[in-house]
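Spelled out from the first residue to the last, the chains are:
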Amino acid sequence: PPANEDTGSSSEEDDNVDSWSNLSRNLSKHIQWPMKTLARRSHMVEQLVAELLQVCQRRLSKTFFPELQPAIGVGGAFEGWSPNEEEAEYYMLVPLKPPRGHSFHLELGETGIALVKDSHIRVELDCTCTEEDILCFVHTSKDDLQRYQAPSLLHTLCTDSYLHVQRTASWFQDIVKSAWAAVPQSLHYSLQMIPSRWFCRMLLTSESGRSLSVVILFGVQQDNSDIYLSSLSVDPYAPGTTWPQTCAVAEAKFFHFMARNIHPRNVHLQCLHLCTCILDGTVITACTMKNVVMHLLQHSWLQQDLPVWRRRDFVELLLNIMSFLLCCLENKHLVHFFLGNDSLPEEIILPLAFRRSKTVNIFQHLQDHPPTNTAALRAFN
């Protein structure tokens, strides 16, 4: 039945384990699902990072460094399916806004197989002559600026007028170190900074000895959409001013949409969790499995058939997912979920170029390099 016609009897049927298949019953007994643990820890991380950013924002209020916006939880831990709850990393993307007297201009690179990887964020100085409490960086002499005003962003975190990823990460790491003692949660967690050139990677250890890995990355929003230029997937060999596109926020919003519209007893997250665990360490990545499950979820949503993801059919759902994956591997073709997808929920906002894009085959590398496809099929089998 359609989702809005789900009845109590179907819930009772799901709760009646005797009505399940033997395989589904056995799996339900022997697998420890991470969803509740991930949700609880994600909420704690969100609160802690919010407190941290409030302290940082107060210290940066009279500077010309980027303005820190509320963090957005992204990745498997916040979506509820991370393969290993004990080793999960909690990624939070902090959007950056230009400080007063500055503006950001996104320069997108050439479109490759999927997302643009060689984009840049150009920083320009804006005239502020009409504002009384700030010297205009454009029309004030250099001597007066040096004497009376803090340096512009161009002179701190930029290279040749472009925002520099590694300088931004280093700057934020220094801010966190100096601000941590003023964060209320510092009374309950010790902080260890893990060296990183592109992120702020923190290891938080509670009084009981439990540790959490929190990764704060930075991004600039593209066209008021859910696509960002971010430090999430920077090529270590690329110039320091390169900011690749990421769909991480759009992916998180898609899973949140499904969580609100799918029956609470449905098992789409359990399916994704188990499939990524099974294929962990192979050439079939967690990103591939997430793409596969998102396609199947969207199909169910468009067909008003989300109740099909019920617990009692768990094994059948796993077989459907794996069958779809096998078909994609054999045909060396899997469409990128967001590029060229004009059937997404309205609340997921994509740049016009994404919606007008032709579909993109993220398995193109399997066509170009047959040994990789052979390895992927071997891993699947």
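Cut-off values and rules
- Residues numbered from 1 in each chain as written.
- Predicted model: local features only at pLDDT ≥ 70, side-chain atom pairs only at ≥ 80, totals over all residues.
- Heavy atoms only, no water.
- Buried < 20%, exposed > 50% of the residue type's maximum accessible area, 1.4 Å probe, protein only.
- Helix = DSSP H or I, 4+ residues; strand = E, 2+ residues; numbered from the N terminus.
- Contact = heavy atoms within 4.5 Å.
- Axes fitted to C-alpha atoms, helices over the stretch in contact; angles between N-to-C directions.
- Parallel < 35°, antiparallel > 145°, perpendicular 65-115°, else oblique.
- Left-handed = near helix turned anticlockwise from the far one by under 90°.
- Nonpolar A, V, L, I, M, F, W, Y, C, P; charged D, E, K, R; others polar.
- Core = buried A, V, L, I, M, F, W, Y, C linked by side-chain atoms within 4.5 Å.
- Phe/Tyr/Trp six-rings, centres within 6.5 Å; stacked < 30°, edge-to-face > 60°.
- Polar contact = N/O pair within 3.5 Å; in protein donor to acceptor, adjacent residues only side chain to side chain.
- Pairing = 2+ DSSP bridges.
- 1 Å grid on protein atoms, 1.4 Å probe; cavity = no way out; pocket = protein on both sides within 12 Å on 5 of 7 lines; lining within 4 Å.
- Points joined across faces, edges and corners; volume = space filled by probe spheres on them.
- pLDDT = per-residue confidence, 0-100.

The protein chain is annotated in an unreviewed UniProt entry as IPIL1 protein of Rhinopomastus cyanomelas.

**Structural notes on helix 8 (residues 268-278)**
In an α-helix, one full turn covers 3.6 residues, which means residues spaced three or four apart are oriented alike. Counting buried positions along helix 8 yields nine of eleven residues, so the element is predominantly enclosed. In this structure, the buried side of helix 8 is in contact with helix 3 (35-60), helix 4 (76-79), helix 7 (248-261), helix 9 (286-302) and helix 10 (314-331).

**Notes on the packing of helix 8 against helix 10**
Axis separation between helix 8 and helix 10 bottoms out at 10 Å; the angle between their running directions is 55°. Viewed along their axes, helix 8 and helix 10 adopt a mutual orientation that is oblique. The element helix 8 and its partner helix 10 pack so that their crossing is right-handed. The segment helix 8 lies against helix 10, with Gln270, Cys271, Leu274, Cys275 and Ile278 engaging Phe314, Leu317, Leu318, Ile321 and Met322. Its residues assigned to classes, the contact of helix 8 with helix 10 comprises nine nonpolar, one polar and no charged.

**Observations regarding the environment of Val94**
One can find Val94 in strand 3 (residues 89-97). For the pair Val94 and Val49, spaced 45 residues apart in the sequence, the C-alpha separation amounts to 9.8 Å. When neighbours within four sequence positions are excluded, Val94 is seen to be in contact with Leu53, Leu68, Gln69, Ala71, Ile216, Leu217, Phe218 and Gly219.

**Brief notes about the nonpolar core**
The nonpolar side chains of soluble globular proteins are, as a tendency, buried together. Formed by 56 residues in total, the largest nonpolar core has its most connected members in Val45, Leu68, Leu163, Phe172 and Ile216. For this core, the leading source of residues is helix 3, giving ten residues.

**Thoughts on the packing of aromatic side chains**
Here the structure, examined in full by the defined rule, presents ten aromatic pairs. An angle of 20° between the planes, with centres 5.2 Å apart, marks the rings of Phe65 and Trp171 as stacked. You can see Phe65 sitting in the loop between helix 3 and strand 1 (67-68) and its partner Trp171 sitting in helix 6 (residues 165-179), a full 106 residues away along the chain. The class for Phe65 is partly exposed, based on a relative accessible area of 22%. Here Phe257 and Trp301 contribute two aromatic rings whose centre-to-centre distance is 5.3 Å and whose plane-to-plane angle is 85°, an arrangement assigned as edge-to-face. Remark: Trp301 occurs in helix 9 and Phe257 occurs in helix 7; sequence separation between them is 44 residues. Given the relative accessible area of 8%, Phe257 is considered buried. Given the relative accessible area of 24%, Trp301 is considered partly exposed. One aromatic cluster in this structure is built from Phe65, Trp171, Phe172 and Phe218.

**Points about the side chain of Ser119**
Its place among the elements puts Ser119 in the loop between strand 4 (102-107) and strand 5 (120-125). A polar contact of 3.2 Å, which involves the side chain of Ser119, links it to the backbone nitrogen of Gly109. Discounting residues that sit within four places of it in the chain, Ser119 has contacts with Glu107, Leu108, Gly109, Leu229, Thr241, Thr242 and Trp243.

**Things to note about the pairing of strand 8 (residues 189-194)**
Note that strand 8 and strand 9 (residues 200-206) share six bridges and pair antiparallel. If you follow Ser190 over to strand 9, its bridge partner there is Thr205. Hairpin geometry of strand 8 and strand 9 is characterised by an intervening segment of five residues between the two adjacent antiparallel strands.

**Examining the packing of helix 3 against helix 6**
Running from amino to carboxyl end, helix 3 crosses helix 6 at an angle of 105°, the nearest separation of the two axes being 10 Å. Between helix 3 and helix 6, the interaxial angle falls into the category roughly perpendicular. Here Leu52, Leu53, Val55, Cys56, Arg59 and Leu60 of helix 3 come into contact with helix 6, specifically with Trp171, Phe172, Ile175, Val176, Ser178 and Ala179. Residue classes in the contact of helix 3 with helix 6 are distributed as ten nonpolar, one polar and one charged.

**Looking at the layout of surface pockets**
Any empty space left between atoms is shown by rolling a water-sized probe over those atoms. For the second largest pocket, the calculated volume is near 500 Å³. If you go around the second largest pocket, you meet 29 residues; those closest to its centre are Phe78, Glu79, Gly80, Ala259 and Leu269. Those elements that place two or more of their residues in the lining of the second largest pocket are helix 3, strand 2 (72-74), helix 4, helix 7 and helix 8. Among the elements that take part in the lining of the second largest pocket, helix 3 stands out by supplying seven residues, more than any other. Here the residues of the lining of the second largest pocket are counted per class, giving 14 nonpolar, nine polar and six charged.

**Observations concerning the confidence of the model for the protein chain**
Summarising the model, the protein chain shows a mean pLDDT of 89, and 92% of its residues fall at 70 or more. Strand 7 (residues 162-163) holds the highest mean pLDDT among the elements of the protein chain, 98, whereas helix 1 (residues 8-15) holds the lowest, 43. Every residue in residues 1-15 is under pLDDT 50, and counting partners more than four places away or in other chains gives 21 contacts.

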